[in-house]
Amino acid sequence: MLVCSCNYITDNEIREVIVELLNEDCWQLIVPAKVYHAMGKRGRCCGCFPNVVDIIIKTTEDYHAERHSTTAEVIDYMSRLKQFHEENRRADIERRQQRHRAA
C-alpha cells in the first residue's frame, strides 16, 4: 500500500527500514524522520507521518514479540513512543494556532 505519495513509498519499504534500524539497536527511538533519512528521502508535505508512526509502532511491537522481549521492556518502550508522539502532536497544534493569531 502506498503510504507517502510525495516520495512514492510503500508500507513494505517502511517496514523493511524499521526492521533494519531495530536490528542495529532494538531499543532506539524510531521516528518518521529517521526512517526517511535511512531511505535517503525527506518528508515533503509530512501528511503521511501519522501513518508512518502507526507503522513504526506496529512493526516494533511485532519485532519484539518475535524476539521474545520481556513484556516490561516492550510496555516501557511503547509508552515512551506514544508519549513522544502525543507531545509532538500538541506542539504541531500550538504552532498552527500561533501562525493564525492576529498580531
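Residues numbered from 1 in each chain as written. Predicted model: local features only at pLDDT ≥ 70, side-chain atom pairs only at ≥ 80, totals over all residues. Heavy atoms only, no water.

### Topic: the state of the cysteines
- Following the criterion strictly, the structure yields zero disulfides and no others.
- As a non-bridged cysteine, Cys4 has Cys48 as the owner of its nearest cysteine sulfur, 3.9 Å distant.
- Cys6 forms no disulfide, and the closest cysteine sulfur to it belongs to Cys45, at a distance of 3.7 Å.
- Look at Cys6 and you get partly exposed, because its relative accessible area is 26%. (Disulfide = S-S within 2.5 Å. Buried < 20%, exposed > 50% of the residue type's maximum accessible area, 1.4 Å probe, protein only.)

### A word on the confidence of the model for the protein chain
- Across the protein chain, the average pLDDT comes to 82, with 78% of residues at or above 70.
- Model confidence for the protein chain, summarised as mean pLDDT per element, is weakest for helix 4 (residues 71-99) at 67 and strongest for helix 1 (residues 11-24) at 95. (pLDDT = per-residue confidence, 0-100. Helix = DSSP H or I, 4+ residues; strand = E, 2+ residues; numbered from the N terminus.)

### Observations regarding the pattern of salt bridges
- Counted by the stated rule, this structure contains three salt bridges.
- Residue Asp11 is joined to Arg15 by a salt bridge in which the shortest nitrogen-to-oxygen separation is 3.1 Å. In this pair, Asp11 and Arg15 are both assigned in helix 1, four residues apart and thus about one turn of the helix distant.
- We classify Arg15 as partly exposed; its relative accessible area is 33%. (Salt bridge = Lys/Arg side-chain N within 4 Å of Asp/Glu carboxyl O.)

### As for the environment of Thr10
- On the secondary structure map, Thr10 appears in strand 2 (residues 9-10).
- Owing to a relative accessible area of 25%, Thr10 belongs among the partly exposed residues under this scheme.

### A closer look at helix 1
- Between its first and last C-alpha, helix 1 extends 20 Å over 14 residues, near the 20 Å set by a 1.5 Å rise per residue.
- Restricting attention to buried positions, one finds in helix 1 the residues Asp11, Ile14, Val17, Ile18, Leu21 and Leu22. Along the long axis of helix 1, the arc covered by the buried residues comes to 140°, so they all point the same way. Along helix 1, exposed side chains directed more than 90 degrees from the buried face belong to Glu16, Glu20 and Glu24. (Expected span 1.5 Å × (residues − 1). Arc of directions from axis to C-beta.)

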